[in-house]
Amino acid sequence: PYHTGPKSGYRIVPGRKPTLYASGFTAIGEIAFDKRGNLLVLEIDQQGLNDPGLDTGKPASGEIIEVANGTRAKTVKVSSGLDFPTGMAVAADGTVYVANAGTTPADSRHGGEILALTLG
C-alpha cells in the first residue's frame, strides 16, 4: 500500500497460473467476500499510505469498494468515516465489521474501534 500506482487482486487456484480478478485499487488493507459472492476491498487510504496529507495530521480516508460477482464492475460502498481501517470481516447475516483506526494509539483521536456496517 505504500507505493503509488494501481494495485490488483489475483485469483489463485492450486496448480494453475494466477489470473487477474480485479484491479485499479490504491492501498488494499483487507479483502473479503460478502454473502452474494461480491468481493469487498478495504482500502487503508484512498490516496495511499504516502498521502502527503497524513503528515499534517489529516485522518486517513479509507473506503470499502465492492466488485460485483462475475464482473469487474466496482462500486464504492463506504467512502467516509474510515480512518486507517486495518481489518474487515463479513458475518453470515451480511454485516460487515471493520477495525477502524487500527494504527491509532488509544490516547489520540479516538483509539481503535469496531464498526458494524450494513452495505446496501
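Predicted, not measured: the structure shown is a model, and the values here were computed from it.

S.K.: Talk me through the overall build of the protein; I want residue IDs and the actual numbers.
M.R.: Tallying secondary structure elements over the protein gives 0 helices and 9 strands in all. The N-to-C order of helical and strand elements in the protein reads β-β-β-β-β-β-β-β-β. Of all 120 residues assigned to the protein, the portion counted as buried reaches 36%. Put simply, 32% of the contacts in the protein that link residues at least 6 apart link residues at least 24 apart. In the form shown here, the protein has an accessible surface area of approximately 7000 Å², with 54% of it arising from carbon and sulfur atoms.

S.K.: Give me the lowdown on the sheet that holds strand β9 (residues 113-117), citing residues and values where you can.
M.R.: Taken together, the 3 strands give an open sheet; going across it, the order is β7-β8-β9, and neighbouring strands pair in antiparallel fashion. Each of the sheet's edge strands pairs with one partner strand only, and the pair in question is β7 (87-90) and β9. When strand polarity is set aside, the average angle formed by the axes of neighbouring strands in this sheet is 20°. Summarising the sheet, strand β8 (residues 96-100) and β9 pair through 5 bridges and their orientation is antiparallel.

Definitions and limits used
Residues numbered from 1 in each chain as written. Predicted model: local features only at pLDDT ≥ 70, side-chain atom pairs only at ≥ 80, totals over all residues. Heavy atoms only, no water. Helix = DSSP H or I, 4+ residues; strand = E, 2+ residues; numbered from the N terminus. Buried < 20%, exposed > 50% of the residue type's maximum accessible area, 1.4 Å probe, protein only. Contact = heavy atoms within 4.5 Å. Areas by Shrake-Rupley, 256 points an atom, 1.4 Å probe, with all protein chains shown as cover. Pairing = 2+ DSSP bridges. Axes fitted to C-alpha atoms, helices over the stretch in contact; angles between N-to-C directions.

Everything listed here is a matter of coordinates, which is why it stays silent on function.
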